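Coordinates in review
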Amino acid sequence: MKLFDVYPLLDVEPVKASGCWLWDKNGNKYLDMYGGHAVISIGHTHPHYVKLIDAQLEKIGFYSNSVRIPLQEELAQKLGELSGYGDFNLFLCNSGAEANENALKLASFHNGRKKIISFSKAFHGRTSLAVAATDNASIVAPVNETENILFLPFNDETALEQAMNESICAVIIEGMQGVGGVHVPTDSFLQKAKLLCEKQNAALILDEVQSGYGRSGKFFAHQHSNIKPDIITTAKGMGNGFPIGGMLISPKFKAKHHLLGTTFGGNHLACAAAIAVLDVIKNEKLMMNAKAIGDYMIAVLKKITGVKEVRGRGLMIGVELEFPCDQLRNELIFTHKIFTGSSSNKNTLRLLPPLTLSKEEAEIFLHAFAAVMKKSLVK
Ligand SMILES: Cc1ncc(COP(=O)(O)O)c(C=O)c1O
């Protein structure tokens, strides 16, 4: 059997990783400024993470959600404490798309409505309603097409105000748009969305799958804007590579047996991984580090010739160039041995390194980036 060929691949085969570094099968060492797509939050193979998963595997790896799993409660307690959402409830699942799918479903169960507002350049995953709420027609299959999603221009308060009415079930917004090229919602846009949702009894869903878990310098990116959504979705950094997703749910939503469910969500191993992540974010003050290193990098990047715009917060940074960045990314990976990310905007490079990135590691990237930019501009 062959693999279903849906991923364009880089010709690199990592076999080992530690902290912000990867090694390929030929022994080449790479700096990870991509974090496996914002997934590596606490650094590769962190010793506390390895220890907790190892120890858990020795005891019990999985049992279904038909039994008590106290690790789920420990995870909810620690997540509530670190995120400041101790009064919310937690539903565990396995991925970002699944978290968003459940969030939209829960909102609809709650208010009995069908219409969802999403925004230009949004990405919410590849399952049925999540992909329908994603602004990329090429990944929406005919069966996913629905009249229930309304796309509005991002950060446009007037358009949102005009579109909101009593038929709207939910508004879904990324804490910071990732795939779209790192676009930050303005404080007043998020505050307006909160106000309008409250007025119309619609659910405000913040998709923090990519921007959450400390990446922005606060636990969730929307916390920079002083709003409290009704549902927050999370995945990626939550398990540092172990598949886990979650939904933080306001107490106004009432749970009912069998309302939602999943076989694998909240299994013992996933919980052990997610608990280790929270322990490390807290003990190593990774939110502070993300802010400090991110602020530094953004300031330096803004001064580099050929950079059109730098967007983002903490260690979620979009660097928009005056030209497409594919050649530059190739040069960074093959000459300088540095992984970076792309985005749907061809001119925007995405940086999503582990939150443990040190100033010295940031400098390695910045020097290489400046050198490659200089070369690109001379050509
Ligand atoms: C903001 C956002 N939401 C949802 C998803 C989907 O997550 P997953 O790939 O885990 O289903 C992604 C993935 O890139 C994302 O960036």
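None of these values were measured; they are calculated from a predicted model. (Residues numbered from 1 in each chain as written. Predicted model: local features only at pLDDT ≥ 70, side-chain atom pairs only at ≥ 80, totals over all residues.)

**Points about the overall build of the protein chain**
In terms of regular secondary structure, the protein chain is built from 11 helices and 14 strands. Over its C-alpha trace the protein chain gives a radius of gyration of 20 Å, about what one expects of a compact globule, namely 21 Å for 379 residues. Viewed in the frame of its principal axes, the protein chain has a C-alpha envelope of about 60 × 55 × 45 Å. Relative to its 379 residues, the protein chain shows a buried fraction of 49%. The contacts of the protein chain with a sequence gap of at least 6 include a subset with a gap of at least 24, amounting to 74%. (Helix = DSSP H or I, 4+ residues; strand = E, 2+ residues; numbered from the N terminus. Rg over C-alpha atoms; globule rule 2.2 N^0.38 Å. Buried ≥ 20, exposed ≤ 12 C-beta atoms within 10 Å, placed from the backbone. Contact = placed C-beta atoms within 7 Å.)

**A word on the sheet that holds strand 12 (residues 316-321)**
The antiparallel open sheet is built from 3 strands, whose spatial order is 11-12-14. Edge positions in the open sheet fall to strand 11 (307-313) and strand 14 (348-351), since each of these has one partner strand only. Along the sheet, successive strands turn relative to each other by an average axial angle of 15°, direction set aside. Of the strands in this sheet, strand 11 and strand 12 touch helix 9 (residues 286-302), which is tilted by about 170° from strand 11. (Pairing = 2+ DSSP bridges. Axes fitted to C-alpha atoms, helices over the stretch in contact; angles between N-to-C directions.)

**Let's talk about the nonpolar core**
Counting 112 residues, the largest nonpolar core has A170, V171, I205, I231, A273, A274 and V277 as its most contacted members. In terms of residue count, helix 8 (residues 268-283) provides more of this core than any other element does, 12 residues in total. Counting the residues that make up this core, at least three belong to each of domain 1 (14-46 + 285-378) and domain 2 (47-283). (Core = buried A, V, L, I, M, F, W, Y, C linked by C-beta atoms within 7 Å. Domains from an automatic or database assignment.)

**Concerning the site of the ligand**
Taken together, 14 residues sit near the ligand, with S95, G96, A97, G125 and V209 positioned nearest. It is helix 4 (residues 96-111) that contributes the most residues to the shell around the ligand, 3 residues altogether. Residues that form the shell around the ligand fall into these classes: 5 nonpolar, 7 polar and 2 charged. (Near = placed C-beta within 6 Å. Nonpolar A, V, L, I, M, F, W, Y, C, P; charged D, E, K, R; others polar.)

**Topic: the pairing of strand 11**
One ladder, built from 6 bridges, connects strand 11 with strand 12; its direction is antiparallel. Residue pairing across strands places R313 opposite M316, the latter belonging to strand 12. With antiparallel pairing between neighbouring strands as the criterion, strand 11 and strand 12 make up a hairpin whose turn holds 2 residues, including G314 at a positive phi of roughly 60°.

**A short note on the packing of helix 9 against helix 11 (residues 359-378)**
Between helix 9 and helix 11, whose axes approach to 10 Å, the crossing angle comes to 25°. Between helix 9 and helix 11, the angle falls in the class roughly parallel. The element helix 9 and its partner helix 11 pack so that their crossing is right-handed. For the pair helix 9 and helix 11, the contacting residues are I293, Y296, M297 and V300 in the first and K359, A362 and L366 in the second. Its residues assigned to classes, the contact of helix 9 with helix 11 shows 6 nonpolar, no polar and 1 charged. (Parallel < 35°, antiparallel > 145°, perpendicular 65-115°, else oblique. Left-handed = near helix turned anticlockwise from the far one by under 90°.)

**Quick word on the domain arrangement of the protein chain**
Domain boundaries in the protein chain define domain 1 (14-46 + 285-378) and domain 2 (47-283). Counting from both sides, the interface comprises 28 residues of domain 1 and, opposite them, 32 residues of domain 2. With 5 residues, helix 9 is the single largest residue contributor to the side of domain 1 that touches domain 2. Within the side of domain 1 that touches domain 2, the residues separate by chemical class into 11 nonpolar, 12 polar and 5 charged.

**Some words on the pairing of strand 2 (residues 21-24)**
With 4 bridges connecting them, strand 1 (residues 14-18) and strand 2 associate as antiparallel partners. Within the sheet, the bridge partner assigned to S18 lies in strand 2 and is W21. Connecting strand 1 to the next strand, strand 2, in antiparallel fashion are 2 residues, including G19 with a positive phi near 60°. The sheet contact formed by strand 2 and strand 3 (residues 29-32) spans 3 bridges and is antiparallel. Looking at strand 3, one finds that L22 is bridged to Y30.

**As for the confidence of the model for the protein chain**
Scored by pLDDT, the protein chain has a mean of 97; 100% of the residues are at 70 or more. When mean pLDDT is compared element by element in the protein chain, strand 9 (residues 231-234) scores highest at 99, while helix 11 scores lowest at 94. (pLDDT = per-residue confidence, 0-100.)

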